[in-house]
Every structure is written in structure tokens, then in C-alpha cells.
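In case you want the letters, here they are:
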Amino acid sequence: MPFRIVSGDITKLRVDAIVNAANSSLLGGGGVDGAIHRAAGPRLLEECRTLNGCRTGEAKVTLGYDLPAKFVIHTVGPIWQGGHCGEEELLRSAYRNSLLLAREKHCESVAFPMISAGVYGYPKDQALEVAVSTIRAFLDEEENDMEVLLVIFDRGSFRFDVHLYSEISGYLRNTYDEEKERGSFFGDVAKSVAFGGVSGSRCSLFSRSKSTFSANCESAVREDIDEEAAAAAPNDLRKALENLDESFSQALLRMIDSKGMKDSECYKKANIDRKLFSKIRSDINYRPSKQTVLAFAVALELDLPETEAFLRKAGFALSHSNKADVIVEYFIRNKNYDMYRINEALFAFDQNLLGA
Ligand code: ADP
């Protein structure tokens, strides 16, 4: 998966490079900087002494020493001063320069902490937006082919868009069948693992009672979907999707062409790794995971009936007893095909992300 949000400790990650949110002396500090120096051992500080510091927004690289990562990219984020002192530009530069340095070192994987979102005081929601949009702009460039992880150390500090969170919560309250998912956890673990069911079944973020948020979604959503599917006369794309002789791989390639997309545009938008896409392209009988099918459905901007038909091709179906499915359904119904946003939402609701 080219971009992933993960929770955990960055010093434990086996990636080519981890990024350190350092201070301009590069001589160590608290927070993630302290954790990285502790885990890397004293040779890291020795090498840092030779670098003569680093300006805000710039980046420098050292070896990773005792860390599982080969390199540490040290960057200095801005100190938050209210937002009118160029903080956003400096934070974007810190991400971008770190990514360029990772590319220069031929890194295939790089992990970032939320730069400036700790003692430097950058508001966490804005820090997340800057991190995701800057990484995305980099990965969208044709020549950049890298796995980038954004590591959330303390899940409580992950600030997802409050309005969208409320909307999705309302949709879940009306649509998600939590009881069934719990049942399926014990009855069919393999199926749950296939798409986020396990992590989903352990969290119960939403009370089933109605609240003010649910007023937005008071319609009987499930009936709505059925009616919509019945009313919509199958269009050519849907008919073609129902063609049983066509495999998933063939259907995907045909739809990419019919949408006038370039392959790279499609797999990047789907958050699918180039190597996986090549595999699908060359193996007519490729059997994708459900996340992969959904990722392509989003990239191709399919509507709900089309998504259902596309899933059936690979032997899957959207389920209202699977929280991740319901969240993806929310985005598709609202024609919001922004994969990064969808993955932020899935992370916020403790579900597996889309893509591969
Ligand atoms: P800054 O000075 O740039 O704000 P901090 O180290 O104080 O840097 O915090 C940056 C981010 O790193 C914060 O979101 C903090 O929660 C996170 N963080 C702290 N320790 C770790 C760790 N071991 N792994 C990943 N992230 C971490």
C-alpha cells in the first residue's frame, strides 16, 4: 500500500528510513527525537554532531545504527506561533524535503511521525491535514514509487475531521448491524479477517441510541439502497460487469480504458502498489482481496450497484454487518472518492485500510 496510517512506535518499524522530528541542533531532545536516539544508540548522536544542525523545513540523513531502519532522516518542523509565521509552508517543506532525501537514498519505505504535533504545538488536526496532503502530492507524481507510513503514536491525538466523523457515525448508527458482526466474529473468523472484521468487532464506539447527529441520516438507509438499486436500470457498464465470462482482471483493465484513465493514474488513486497492479494485469485469473476490489471501485468512481457487481466478480459482497464496508458505502453513496480521506476515516474507526 503506497500510503498507510498506522499506530505504534516508529522506532520499532522495519522500514528503509524513519523520519525524526528533531530540533535544529540535531543533538537530541524529547518526544520522538529522544525515543529514536535511545533506540539507535550513542553512534547516532556522534554522527549527528558532524552535521552542523539543520534549519527548519530542511532535512539531513544519518544511518539508523541499532534501529531496525537503515536510515534516520532528521527534519525540523516549525514551532507553532499562531499560524501566521509561515508554519504551514515550513511543515510542508519538512515533509517534502524528507521524502526527497528518502528518494535520493533509494528508500522503498519511509515512516513519519506527526512532525510538530507534539511539543512544537502545531494543532493536531491541521498537522494531520498538512502531513497527508503533502505525502499525497509527492506520491501522485509519476516518478515517485514508495511506501509511506504516517505513524500515530497516541491514537487519542489522531484528530479526524469532526464534521465527517459525526456524519459517518450517524450513517453507522442507521446502517451498521453490530450484533451480526459480533456473531460473525465467532462464527466465521476467516471472513472477518478478510476485511477488517476483527478490529471492527472489538470496538464499540457508537451507542445504538439516536443522537442529534443521526438526525442527518434519519432516512431508512437500507431501504433507500435497495430502492435505488432496483430503480436504476442497469447501464452498459453494469451489464458488462455482470458478464460472467470476464474475470476481475479483465473487467478492471476494460473499465480503466473505458474511463480514459492511465494505469498509473488508476493504481495511484486506488492506493495500490505498482507491483501488485502489474501482477493483476498479467494474471487474468488473479484473485484479489476485498480491500483491493473496493480500492479499485473507488478509483474508478463506481456507484453502489456497480461496486456490488464488481465485488461479485471477485466473490465478495458489501455487508451491513461489517463496519468497514458500511464506512466505504457511506463514501460511495456520497460520491466522495477520495481514497486518502476514506483511509483516514477507516483509521479513525479502527478498521483496516483500503489498498494493498
Ligand atoms: P515536535 O517537537 O516536532 O512537536 P514531538 O516529538 O514532541 O515533536 O512530537 C511529534 C509527534 O511524535 C507527536 O505526535 C508525538 O505523539 C509523536 N511521537 C512521540 N514519540 C513517538 C514514537 N516513539 N513513535 C512515533 N511517534 C512518536
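Let me begin by describing the structure that accompanies this report.

Definitions and cut-offs
Residues numbered from 1 in each chain as written. Predicted model: local features only at pLDDT ≥ 70, side-chain atom pairs only at ≥ 80, totals over all residues. Heavy atoms only, no water. Helix = DSSP H or I, 4+ residues; strand = E, 2+ residues; numbered from the N terminus. Contact = heavy atoms within 4.5 Å. Pairing = 2+ DSSP bridges. Axes fitted to C-alpha atoms, helices over the stretch in contact; angles between N-to-C directions. Core = buried A, V, L, I, M, F, W, Y, C linked by side-chain atoms within 4.5 Å. Buried < 20%, exposed > 50% of the residue type's maximum accessible area, 1.4 Å probe, protein only. Salt bridge = Lys/Arg side-chain N within 4 Å of Asp/Glu carboxyl O. Polar contact = N/O pair within 3.5 Å; in protein donor to acceptor, adjacent residues only side chain to side chain. Right-handed = clockwise from strand over helix to strand, strands pointing away. Expected span 1.5 Å × (residues − 1). Near = heavy atom within 4 Å. Areas by Shrake-Rupley, 256 points an atom, 1.4 Å probe, with all protein chains shown as cover. Nonpolar A, V, L, I, M, F, W, Y, C, P; charged D, E, K, R; others polar. Parallel < 35°, antiparallel > 145°, perpendicular 65-115°, else oblique. Lys, Arg positive; Asp, Glu negative; His and termini not counted.

## Things to note about the environment of Tyr95
Within the secondary structure, Tyr95 is located in helix α3 (residues 87-104). Along the chain, Tyr95 and Val76 lie 19 residues apart, while their C-alpha atoms are 9.5 Å from each other. Apart from the residues within four sequence positions on either side, Tyr95 is in contact with Phe112, Pro113, Met114, Ile115, Ala131, Thr134, Ile135 and Leu150.

## Brief notes about the sheet that holds strand β3 (residues 59-63)
Overall, mixed pairing links the six strands, which are arranged β1-β6-β5-β2-β4-β3 in an open sheet. One side of each edge strand has no neighbouring strand; the edge strands of this open sheet are β1 (3-7) and β3. Pairs of neighbouring strands in the sheet enclose a mean axial angle of 25°, with direction left out of account. The sheet contact formed by strand β5 (residues 109-112) and strand β6 (residues 147-152) spans four bridges and is parallel. Among the inter-strand pairings, Ala111 is bridged to a residue of β6, identified as Leu149. The strands touched by helix α1 (residues 31-40) are β2 (17-21) and β4 (71-75); relative to β2, the strand with the most contacts, the crossing angle is about 135°. In this fold helix α2 (residues 42-49) packs onto β3 and β4, with an angle of close to 135° to the strand it touches most, β3.

## Quick notes on the nonpolar core
Grouped together as the largest cluster of nonpolar side chains are 90 residues, with contacts concentrated most on Phe112, Leu150, Ile168, Phe296 and Phe310. Per-element tally for this core: the top contributor is helix α4 (residues 124-140), with eight residues. In contact with Leu150, not counting residues within four places along its chain, are Phe3, Arg4, Ile5, Val6, Tyr95, Phe112, Pro113, Met114, Leu128, Ala131 and Val132. Membership of the second largest hydrophobic core comes to 20 residues, among which are Leu13, Leu26, Ile36 and Val76.

## Considerations on the pattern of salt bridges
For side chains of opposite charge, pairing can occur when their charged atoms come near one another. This model, assessed by the stated rule, comprises 19 salt bridges. Across the pair Asp338 and Arg136 runs a salt bridge, and its minimum N-O distance is 3.0 Å. Taken together, the positions of Asp338 in the loop between α16 (323-333) and α17 (339-348) and Arg136 in helix α4 put the pair 202 residues apart, joining distant regions of the chain. Residue class for Arg136 comes out partly exposed when judged on its relative accessible area of 27%. For Glu142, the salt bridge goes to Lys262, with nearest N and O atoms at 3.6 Å. On the criterion of sequence distance, the pair formed by Glu142 in the loop between α4 and β6 and Lys262 in the loop between α11 (248-258) and α12 (263-269) is long-range, its members being 120 residues apart. In this structure, Glu142 and Lys262 share a single accessibility class: exposed. In the salt-bridge network here, residues are joined through shared partners; they are Glu88, Arg92 and Glu129.

## Some thoughts on the side chain of Ser321
Structurally, Ser321 can be placed in the loop between α15 (304-313) and α16. A polar side-chain atom of Ser321 sits 2.8 Å from a polar atom in the side chain of Ser319.

## What about the pairing of β5?
A regular strand carries its side chains on alternate faces of the sheet. Neither face of β5 is left uncovered, since the one carrying Ser109 and Ala111 and the one carrying Val110 and Phe112 both have all their residues buried. The parallel pair β5 and β6, bridged by α4, forms a crossover whose chirality is right-handed.

## What about α3?
Compared with the 26 Å implied by 1.5 Å per residue over 18 residues, the 26 Å span of α3 between its first and last C-alpha is a close match. Restricting attention to buried positions, one finds in α3 the residues Glu87, Leu91, Arg92, Ala94, Tyr95, Ser98, Leu99, Leu101 and Ala102. At its buried positions, α3 is contacted by β2, β3, β4, β5, α4 and β6. Downstream of α3 by one or two residues, His106 has phi in the positive range, about 60°.

## Focus: the site of the ligand
If you check the shell around the ligand, you find 16 residues, and the closest are Asp9, Val32, Ser116, Gly118 and Val119. The contact in question runs from an oxygen atom of the ligand to an N or O atom on the backbone of Gly118, over 2.8 Å. Contact with the protein chains hides 90% of the accessible area of the ligand, taken as 560 Å² for the molecule alone. Looking at the shell around the ligand element by element, the count peaks at three residues for α1. Class assignment of the residues belonging to the shell around the ligand gives a composition of eleven nonpolar, four polar and one charged.

## Examining the packing of α11 against helix α13 (residues 274-282)
Contact geometry for α11 and α13: axes closest at 8 Å, N-to-C directions at 110°. As judged from the angle between their axes, α11 and α13 are roughly perpendicular. Contacts from Phe248, Ser249, Leu252, Leu253 and Ile256 of α11 reach α13 at Phe277, Ile280 and Arg281. Grouping the constituent residues of the contact of α11 with α13 by class yields six nonpolar, one polar and one charged.

## A short note on the side chain of Glu87
If you trace the backbone, Glu87 turns up in helix α3. Look at Glu87: it is buried, it has no salt bridge, and the nearest opposite charge is Arg92 at 12 Å. Of note is the side chain of Glu87, whose polar atom sits 3.3 Å from the backbone nitrogen of His84. Setting aside chain neighbours within four positions, we find Glu87 in contact with Pro78, Ile79, Trp80, Gln81, Gly82 and Tyr122.

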